[in-house]
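Examining the three-dimensional arrangement
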Amino acid sequence: MTVQNENDNWLPRIEAALCTGCGECIARCPTAALASVAGKAALIRPSACTYCAACESVCPTNAIELPYLICKPRDEGENDRE
Ligand code: SF4
Ligand code: SF4
């Protein structure tokens, strides 16, 4: 499945204030989308992120959040017939 990346709102968010720089998320990321920047985890290759949630699940301080995209049907009723 290809995920459209019209904006970055769906990407993992890292709360720097909560990040201890332990590196667990970086080690677990299967696509090397994360790296350490100035002692904190950072999403340096957002286009590589597959939204697998490994980083979120491994973070001991809950510094990473994946804001799941909510898809709504468009123009509900548009195709209603009879
Ligand atoms: S696992 Fe959490 S605390 Fe550790 S480097 Fe990643 S974001 Fe920071
Ligand atoms: S969601 Fe998966 S691919 Fe994306 S940054 Fe986290 S571990 Fe890496």
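Overview of the structure. (Residues numbered from 1 in each chain as written. Chains lettered and ligands numbered in written order. Predicted model: local features only at pLDDT ≥ 70, side-chain atom pairs only at ≥ 80, totals over all residues.)

This next bit is on the overall build of the chain. A count of helical and extended segments in the chain gives 2 helices and 4 strands. Shown N-terminal to C-terminal, the secondary structure of the chain runs as helices and strands in the order β-α-β-β-α-β. Buried positions account for 16% of the 82 residues belonging to the chain. Restricting to contacts in the chain with at least 6 residues of sequence separation, those with at least 24 account for 54%. (Helix = DSSP H or I, 4+ residues; strand = E, 2+ residues; numbered from the N terminus. Buried ≥ 20, exposed ≤ 12 C-beta atoms within 10 Å, placed from the backbone. Contact = placed C-beta atoms within 7 Å.)

Negative phi characterises most residues that are not glycine, and trans characterises most peptide bonds. We note that Tyr 51 has phi near 60°; this positive angle belongs to a residue other than glycine. Its location among the elements puts Tyr 51 in the loop between β3 (40-43) and α2 (54-58). You can call Tyr 51 partly exposed: it has 14 C-beta atoms within 10 Å. You will see that Asn 62, though not glycine, has its phi angle at about 55°, which is positive. Within the fold, Asn 62 resides in the loop between α2 and β4 (64-65). Residue classification places Asn 62 among the exposed positions, given that 9 C-beta atoms sit within 10 Å.

Near ligand 1 you find 14 residues, and of these Cys 19, Cys 22, Cys 25, Ala 41 and Cys 59 are the closest. Of the residues belonging to the shell around ligand 1, the class tally is 9 nonpolar, 4 polar and 1 charged. (Near = placed C-beta within 6 Å. Nonpolar A, V, L, I, M, F, W, Y, C, P; charged D, E, K, R; others polar.)

This part covers the nonpolar core. Counting 12 residues, the largest nonpolar core is built from Ile 14, Cys 25, Cys 29, Ala 33, Leu 34, Ala 41, Leu 43, Cys 49, Cys 55, Cys 59, Ala 63 and Ile 64. Excluding its chain neighbours within four sequence positions, the residues that come into contact with Cys 25 are Leu 34, Ala 41, Cys 55, Val 58, Cys 59 and Ile 64. (Core = buried A, V, L, I, M, F, W, Y, C linked by C-beta atoms within 7 Å.)

In this section: the environment of Gly 23. If you trace the backbone, Gly 23 turns up in the loop between β1 (13-14) and α1 (24-28). Of the residues examined, Gly 23 has 14 C-beta atoms within 10 Å and is grouped as partly exposed. The spacing of Gly 23 and Ser 36 is 13 residues in sequence and 7.2 Å in space, taken between C-alpha atoms.

Covered by surrounding structure in β3 are Ala 41 and Leu 43 only, the residues Lys 40 and Ala 42 on the alternate face being uncovered. Bridge count for strand β2 (residues 34-37) against β3 is 4 bridges, and the pairing is antiparallel. The residue bridging Ser 36 from the neighbouring strand is Ala 41, located in β3. Here β2 folds back onto β3 in antiparallel fashion, the turn holding 2 residues, of which Ala 38 has a positive phi close to 55°. (Pairing = 2+ DSSP bridges.)

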